[in-house]
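# Residue-level structure breakdown
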Amino acid sequence: MTSSQLHLYGTSLSSRLIMGTALYPSPDHLTQSVKAGGAEVVTLSLRRETAGEGSGADFWEHIKALNVHLLPNTAGCRTAKDAITTAQMAREIFGTKWLKLEVIANDDTLQPDLFELVEATKELSSQGFQVFPYTTEDLGAAEKLLSAGAEVLMPWGAPIGTGRGLMNPYALRTMRSYFPDIPLIVDAGIGAPSHAAEAMEMGYDAILLNTAIAKAGDPVAMAAAFKLSVEAGRLAHQALIIEQRDMASPSTPVAGTPFFDLDNLN
Amino acid sequence: MNVIVNGKSEEITESTLAALCKRFLDHPHTIATAVNGQFVPVNDRPDYALKEGDKVEILSPRQGG
C-alpha cells in the first residue's frame, strides 16, 4: 500500500481514471480504450432484455474479459424505490456490492435528485451496498449522504454528456477542503483532459467519465490522453501548486542583471 | 393470463417467473428480475407464481456511464 493508491471501500487501485462503457463506436474500441486509459474500474448498467436476443449476455462476456472492477449504475431511475430495486438486480448479476447510485431529478440537466438520493443511500447501505452517490457540490446533501452510509462521494463537474468541464470550481474546491479525508470523485461533465487535470490539481481523488472518451474522434488516443492528464493533475497536487499573485514577479534573478545601473533609476 | 413484460402487455401460458424467463435466455444468471417493482432473486423464480396483471421486469447487462 502506498500513498499514491486510491482506496475505495477497502479496495486499493493504482488508476484514478474510472471509465464508462457506453457510446463507443464498437466493442473493440471499448476494450482498447479501457486498456489505453489504464482504468481498473468501469461503469455499466442494466436494461430490458429482449426475448431471444441475448444481447446482454454478449456484452457481459465482453466486459468480463476486461478483468476490471465493476461499478454498476442506476442510470435513469427517478425514485429511491426504483433505484433500490435496480441496485438489488445489479448486485445479483454483477456480483459486487459497489453501486453508482443515480437518481435523476430533471430531464434537461440530468441533475441528481438529492432527496431521493439520500433516502436510497440510507436503505442500500443498510442492505450492505457500498454506495457511490452521483451528487452535486451541495455540502448539506454531502453530509447527509455520509451520515446515510456513503463513504465515497461523486459530485458532478457539469451535466452528464455536456463536456463543459468544471462549471463551479469554487464549490468543488470548497467541497474538497470541507471533506479532506473522504474519497471524492468528479463524475460527469468532463470534456477535455485539461478538465480532468484541473479537478485532480484541486485534490480530487479520481475522475469518472464516459462521453469525452467514447465520442472523441479517436477514443483510444483520447483515453491515453486522459490517463496522462489525471496522473499529471495528481502529481501536481502532491507537488503543491504555487499561490497565485496579482503582480508580476521576475523568475530570473534580479541580482547581476546586465546593463543595470542605479544611476539610471532617475 | 395477461401480464406486462418489460412494459409490453403479453398473453402468456407460463405460470412461474422461472418459466417466463426461459423465453429470454438459457443462462438464468445473465438476467435479473423484478415483479411489481420488487426484486425477485434467481433462486425464488421457480416458486414465484405469476398473477394476472403482474408487471415483470427482465433486465440484463448493458453499457453504462
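Reading guide: rules and limits
- Residues numbered from 1 in each chain as written.
- Chains lettered and ligands numbered in written order.
- Predicted model: local features only at pLDDT ≥ 70, side-chain atom pairs only at ≥ 80, totals over all residues.
- Heavy atoms only, no water.
- Helix = DSSP H or I, 4+ residues; strand = E, 2+ residues; numbered from the N terminus.
- Buried < 20%, exposed > 50% of the residue type's maximum accessible area, 1.4 Å probe, protein only.
- Contact = heavy atoms within 4.5 Å.
- Areas by Shrake-Rupley, 256 points an atom, 1.4 Å probe, with all protein chains shown as cover.
- Lys, Arg positive; Asp, Glu negative; His and termini not counted.
- Charge placed at Lys NZ, Arg CZ, Asp CG, Glu CD.
- Disulfide = S-S within 2.5 Å.
- Salt bridge = Lys/Arg side-chain N within 4 Å of Asp/Glu carboxyl O.
- Buried area = accessible area lost by both parts, 1.4 Å probe.
- Polar contact = N/O pair within 3.5 Å; in protein donor to acceptor, adjacent residues only side chain to side chain.
- Nonpolar A, V, L, I, M, F, W, Y, C, P; charged D, E, K, R; others polar.
- Pairing = 2+ DSSP bridges.
- Core = buried A, V, L, I, M, F, W, Y, C linked by side-chain atoms within 4.5 Å.
- Axes fitted to C-alpha atoms, helices over the stretch in contact; angles between N-to-C directions.
- Left-handed = near helix turned anticlockwise from the far one by under 90°.

### Notes on the overall build of chain A
- For chain A, the count of helices and strands is nine helices and 10 strands.
- Seen through its C-alpha atoms, chain A measures out along the principal axes to roughly 90 × 40 × 40 Å.
- Looking at chain A residue by residue over its 266 residues, the buried ones come to 49%.
- In chain A, once contacts between residues fewer than 6 apart in sequence are set aside, the share between residues at least 24 apart is 66%.
- Total accessible area on chain A stands at roughly 12,900 Å², and carbon and sulfur atoms take up 53% of it.
- Side-chain charges in chain A split into 19 positive and 30 negative, and the spacing between the mean points of these groups amounts to 4 Å.

### Comments concerning the state of the cysteines
- All told, the structure shown has zero disulfides over all chains when counted by the stated rule.
- We note that Cys77(A) lacks a disulfide partner, and the nearest cysteine sulfur, in Cys21(B), lies 19 Å from it.
- The class of Cys77(A) is buried, set by a relative accessible area of 7%.

### A word on the pattern of salt bridges
- Counting across every chain of the model gives 12 salt bridges over all chains.
- Between Glu49(A) and Arg62(B) there is a salt bridge; the shortest N-O distance is 3.6 Å. Taken together, the residues Glu49(A) in the loop between β4 (41-48) and α2 (55-64) and Arg62(B) in strand β5 (residues 55-63) connect one chain to another. A single burial state applies to Glu49(A) and to Arg62(B), both of which are buried.
- Overlapping salt bridges, with partners in common, bring together Lys100(A), Glu102(A) and Asp187(A) in one network.

### So, unusual backbone geometry
- The backbone phi angle of Asn67(A) is positive, close to 60°, even though this residue is not glycine.
- Tracing the backbone through its elements, the reader meets Asn67(A) in the loop between α2 and β5 (69-72).
- For Asn6(B), which is not glycine, the phi torsion reads 50° and is therefore positive.
- Looking at where Asn6(B) falls in the secondary structure, it is placed in the loop between β1 (2-5) and β2 (8-11).

### Things to note about the interface of chain A and chain B
- Listed per partner, the contact involves 31 residues of chain A and 27 residues of chain B.
- Summing the contributions of chain A and of chain B, the shared interface buries around 2,400 Å²; its carbon and sulfur component is 59%.
- Ranking the residues of chain A by area buried against chain B places Arg48(A), Met89(A) and Glu92(A) at the top, with a combined share of 28%.
- Applying the counting rule to chain A against chain B returns three salt bridges.
- We note a salt bridge from Arg45(B) to Glu92(A), for which the minimum N-O separation is 3.3 Å.
- On the surface where chain A and chain B come into contact, there are 17 residue pairs in polar contact (both at pLDDT 80 or more).
- When residues of the side of chain A that touches chain B are traced back to their parent elements, those giving at least two are β4, α2 and α3 (80-94) of chain A.
- In the side of chain A that touches chain B, the residues fall into 11 nonpolar, 13 polar and seven charged.
- Relative to β5(B), β4(A) runs antiparallel, the two being bridged by five bridges.

### Some thoughts on the nonpolar core
- Counting residues in hydrophobic clusters, the biggest one holds 75 residues, and the most contacted among them are Leu8(A), Leu101(A), Leu124(A), Phe132(A), Ile185(A) and Ile207(A).
- With eight residues, the single largest contributor to this core is α3(A).
- Val3(B), Val5(B), Ile31(B) and Ile58(B) belong to the second-largest nonpolar core, a separate cluster that totals 13 residues.

### Comments concerning the packing of helix α5 (residues 139-147) of chain A against helix α6 (residues 169-178) of chain A
Residues and elements named next belong to chain A.
- It is at 11 Å that the axes of α5 and α6 come closest, and there the two elements cross at 35°. Seen from above, α5 lies across α6 with right-handed handedness. Note on element contacts: α6 touches α5 through Thr174, Met175 and Tyr178, opposite Leu139, Ala142 and Glu143.
- The residue inventory of the contact of α5 with α6, partitioned by class, reads four nonpolar, one polar and one charged.

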